[in-house]
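Below, each chain spelled out in residue letters.
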Amino acid sequence: MTLTERVAAHLPFLRRYSRAITGSQTSGDAFVVATLEALIADLSIFPEASSDRVALYKLFVRILKSAQVDVPQAISPFAWEKKAVANLSAVPTQARHAFLLVSVEGFSFSEAAEILAVGIEDVKRLLDEATQEISRQITTEIMIIEDEPLIALDIEHIVLDLGHSVSGIARTHSEALDLYRRSNPGMILADIHLADGSSGIDAINDILKVASVPVIFITAFPERLLTGERAEPTFLVTKPYNPDMLKALISQALFFNEGDKAYQAMSA
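Just so it is clear, the model here is predicted, and its values are computed rather than measured.

## What to know about the pairing of strand E3 (residues 187-190)
Turning to step 1, where the next piece is worked out: In E3, alternate side chains face the same way, and those of Met187 and Leu189 on one face and Ile188 and Ala190 on the other are all buried.
Turning to step 2, where the next piece is worked out: Summarising the sheet, strand E1 (residues 141-145) and E3 pair through four bridges and their orientation is parallel. Within the sheet, the bridge partner assigned to methionine 143 lies in E3 and is isoleucine 188.
Turning to step 3, where the next piece is worked out: When E3 meets strand E4 (residues 215-219), the two strands line up parallel, connected through three bridges. Each residue of the ladder has a partner; that of isoleucine 188, found in E4, is valine 215.
Turning to step 4, where the next piece is worked out: Chirality of the crossover, the property in question, places the unit of E3, helix H11 (residues 200-208) and E4 among those that are right-handed.

As structure tokens, this is what we get:
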């Protein structure tokens, strides 16, 4: 398999990353083209890395920092996209890279460190910097559905540490519906198995029948959701969770969400 064939499968995701990091489709695509042209001109510049995908992103970051690319100015017609671009541009460049690599592209801390040529602890610091800045821009009230008191308190601490407020903690299906009606939160963090034997899935289904709100499931039973047989949630965290990853996911969900279109009413 040629190098061109090896990297081809990763190009759609690189375009997504490039558009997010540069702020527009036009500029993002231009830098991807510049990366490919440089690689075609000299295959030896393809860096040594743990995988072809890591190597491609590493080369892209190098080209982005060094190449002079003439990009025509393009203005998005969508208000939400203009706002997202403005918010993301407020995050320092290196922190923006770390946030997008880990939270959007799904790279591990070690892979992101390899791409950015920094240490793993540096990636964690940059991710925290980006998460804090993004959270500051999109502060909201978050509702928690969790029946285990210690876990609920830990999640509440994470939410507060990001600068958000907590509308309340619900332990059952009925409590969740009542709390949502009273508080109308900007996000919901939900467990699946609740105190009275009811389901967090059912509670979220009922809420999403009347509202559009981003939802993150935090569960020890991901197999209940990831069956491939129905619409599934975009945002899912498996217990035991990593607090840093949960923080990043909260910021990601709020920042890029227009209402969780990928999550529709589900049955279990």
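## Topic: the nonpolar core
Turning to step 1, where the next piece is worked out: One finds Tyr17, Phe60, Leu189, Ile216 and Ile250 to be the most contacted residues of the largest nonpolar core, which totals 60 residues.
Turning to step 2, where the next piece is worked out: When near neighbours in sequence (up to four residues on either side) are disregarded, isoleucine 250 contacts Ile142, Ile158, Val159, Leu162, His164, Met187, Leu189 and Ile216.
Turning to step 3, where the next piece is worked out: One finds Leu177, Ala190, Ile207 and Val215 within the second-largest nonpolar core, a separate group that totals 20 residues.

## Details of the packing of aromatic side chains
Turning to step 1, where the next piece is worked out: Summed over the entire model, instances satisfying the criterion amount to three aromatic pairs.
Turning to step 2, where the next piece is worked out: The interplanar angle of 50° and the centroid separation of 5.3 Å between the aromatic rings of tyrosine 17 and tyrosine 57 together place this pair among those described as tilted. Taken together, the residues tyrosine 17 in helix H2 (residues 11-22) and tyrosine 57 in helix H4 (residues 52-66) connect sequence positions 40 residues apart. Tyrosine 57 carries the same exposure label as tyrosine 17, and that label is buried.
Turning to step 3, where the next piece is worked out: Here tyrosine 17 and phenylalanine 60 contribute two aromatic rings whose centre-to-centre distance is 5.8 Å and whose plane-to-plane angle is 70°, an arrangement assigned as edge-to-face. Note that tyrosine 17 is positioned in helix H2 and phenylalanine 60 in helix H4, a separation of 43 residues in sequence. Neither residue differs from the other here; tyrosine 17 and phenylalanine 60 are each classed as buried.
Turning to step 4, where the next piece is worked out: These aromatic residues form a ring-pair network of at least three members: Tyr17, Tyr57, Phe60 and Phe107.
Turning to step 5, where the next piece is worked out: One residue, arginine 53, lies across the ring of phenylalanine 13, its end atom 5.9 Å from the ring centre.
Turning to step 6, where the next piece is worked out: The side chain of arginine 53 reaches across the aromatic face of phenylalanine 107, ending 4.1 Å from its centre.

## Brief notes about the sheet that holds E4
Turning to step 1, where the next piece is worked out: The strand order E2-E1-E3-E4-E5 describes an open sheet built from five strands, whose pairing is parallel. Strands at the two margins of the open sheet, each flanked by one partner only, are strand E2 (165-170) and strand E5 (235-238). With strand direction ignored, the average angle separating the axes of adjacent strands in the sheet is 20°.
Turning to step 2, where the next piece is worked out: Its contacts with the sheet place helix H10 (residues 173-183) against E1, E2 and E3, and it is angled at close to 155° to E2.

Parameters at a glance
- Residues numbered from 1 in each chain as written.
- Predicted model: local features only at pLDDT ≥ 70, side-chain atom pairs only at ≥ 80, totals over all residues.
- Heavy atoms only, no water.
- Buried < 20%, exposed > 50% of the residue type's maximum accessible area, 1.4 Å probe, protein only.
- Helix = DSSP H or I, 4+ residues; strand = E, 2+ residues; numbered from the N terminus.
- Pairing = 2+ DSSP bridges.
- Right-handed = clockwise from strand over helix to strand, strands pointing away.
- Core = buried A, V, L, I, M, F, W, Y, C linked by side-chain atoms within 4.5 Å.
- Contact = heavy atoms within 4.5 Å.
- Phe/Tyr/Trp six-rings, centres within 6.5 Å; stacked < 30°, edge-to-face > 60°.
- Lys NZ or Arg CZ within 6 Å of the ring centre and 35° of its normal.
- Axes fitted to C-alpha atoms, helices over the stretch in contact; angles between N-to-C directions.

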